Amino acid sequence: MARRSKTKKKRPSFGIPKEIILLSGQDVWPFTFVAHGWGGGCGKVPMPTDAALQDVQTAIFTSLADYTRTAHGVEIDVEWSSLTPDSWVGHFRQVTAEEPAPSEAAVLQAAVPSLRRSGGASGDRRP
């Protein structure tokens, strides 16, 4: 009787991204990221230094989001902030189907103040 060869499940190269640092450079934009659990990585975005910051951030996020979706089955979102005039940090979070996008949440809270998590004016929480 022939034996079946065991197939190993390939472990993803790194965990779900947690934080990313982006630097401006000449003809490339280097970045480094750290992942939850294990690993991380680095790379360069081949865009000129005068490229729009949002375009560079989108290019990096798109590749990491695609990888995370494929390897872990998870959707992520990133919030960028400036560290110095030539460096930025991005904080990732997992997004679930039930969560509205951040912009939608802000619109809902502005439209219906009683839905805020503070519990209302009296501070009590109601179901």
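Please read all numbers here as calculations on a predicted model, not as lab measurements.

Conventions we followed
- Residues numbered from 1 in each chain as written.
- Predicted model: local features only at pLDDT ≥ 70, side-chain atom pairs only at ≥ 80, totals over all residues.
- Heavy atoms only, no water.
- Phe/Tyr/Trp six-rings, centres within 6.5 Å; stacked < 30°, edge-to-face > 60°.
- Helix = DSSP H or I, 4+ residues; strand = E, 2+ residues; numbered from the N terminus.
- Buried < 20%, exposed > 50% of the residue type's maximum accessible area, 1.4 Å probe, protein only.
- Contact = heavy atoms within 4.5 Å.
- Core = buried A, V, L, I, M, F, W, Y, C linked by side-chain atoms within 4.5 Å.
- Pairing = 2+ DSSP bridges.
- Axes fitted to C-alpha atoms, helices over the stretch in contact; angles between N-to-C directions.

S.K.: Residues and numbers for the packing of aromatic side chains, please.
M.R.: Here the distance between the centres and the angle between the planes together describe a pair of aromatic rings. Applying the stated criterion across every chain yields a total of 3 aromatic pairs. Ring geometry for Phe 14 and Phe 33: centres 4.8 Å apart, planes at 65°, overall edge-to-face. On the criterion of sequence distance, the pair formed by Phe 14 in the segment before strand E1 (17–23) and Phe 33 in strand E2 (residues 29–35) is long-range, its members being 19 residues apart. No difference in accessibility class separates Phe 14 from Phe 33, as the two residues are buried. Joined through ring pairs, the aromatic side chains of Phe 14, Phe 33 and Tyr 67 make up one cluster.

S.K.: Go over the environment of Cys 42, please, and point to the residues and values.
M.R.: Mapped onto the fold, Cys 42 is located in strand E3 (residues 40–45). The sequence separation of Cys 42 and Phe 31 amounts to 11 residues, and the corresponding C-alpha distance is 5.5 Å. For Cys 42, the residues in contact, after removing those within four places along its chain, are Phe 31, Thr 32 and Phe 33.

S.K.: Which residues make up the nonpolar core, and what values go with them?
M.R.: Taken as a class, soluble globular proteins show a tendency for nonpolar side chains to be buried jointly. Judged by nonpolar contacts, the single largest core of 19 residues is most densely connected at Ile 20, Leu 22, Trp 29, Phe 31, Val 56, Ile 60 and Leu 64. Breaking this core down by element, the ones donating at least two residues are E1, E2, helix H1 (53–72), strand E4 (75–84) and strand E5 (87–95). Residues in contact with Leu 64, not counting those within four places in the same chain, are Phe 14, Pro 17, Ile 20, Phe 33, Ile 76 and Phe 92.

S.K.: With reference to specific residues and values, describe the environment of Gly 25.
M.R.: Mapped onto the secondary structure, Gly 25 falls in the loop between E1 and E2. In this structure the C-alpha to C-alpha distance between Gly 25 and Lys 44, which are 19 residues apart in sequence, comes to 9.5 Å. Every residue in contact with Gly 25, bar those within four places of it in the chain, is listed here: Pro 30 and Thr 49.

S.K.: Just give me the short version of the sheet that holds E1, but keep the residues and values in it.
M.R.: Whether parallel or antiparallel, the strands of a sheet pair through hydrogen bonds between backbone atoms. Here 5 strands make up an open sheet; going across it, the order is E3-E2-E1-E5-E4 and the pairing antiparallel. Each end of this open sheet is capped by a strand with a single partner; those strands are E3 and E4. For this sheet the average axis-to-axis angle between neighbouring strands, irrespective of direction, equals 20°. One ladder, built from 5 bridges, connects E1 with E5; its direction is antiparallel. Considered in E5, the bridge of Ile 21 is made with Val 89.

None of the figures reported here should be taken as evidence of function without further support.
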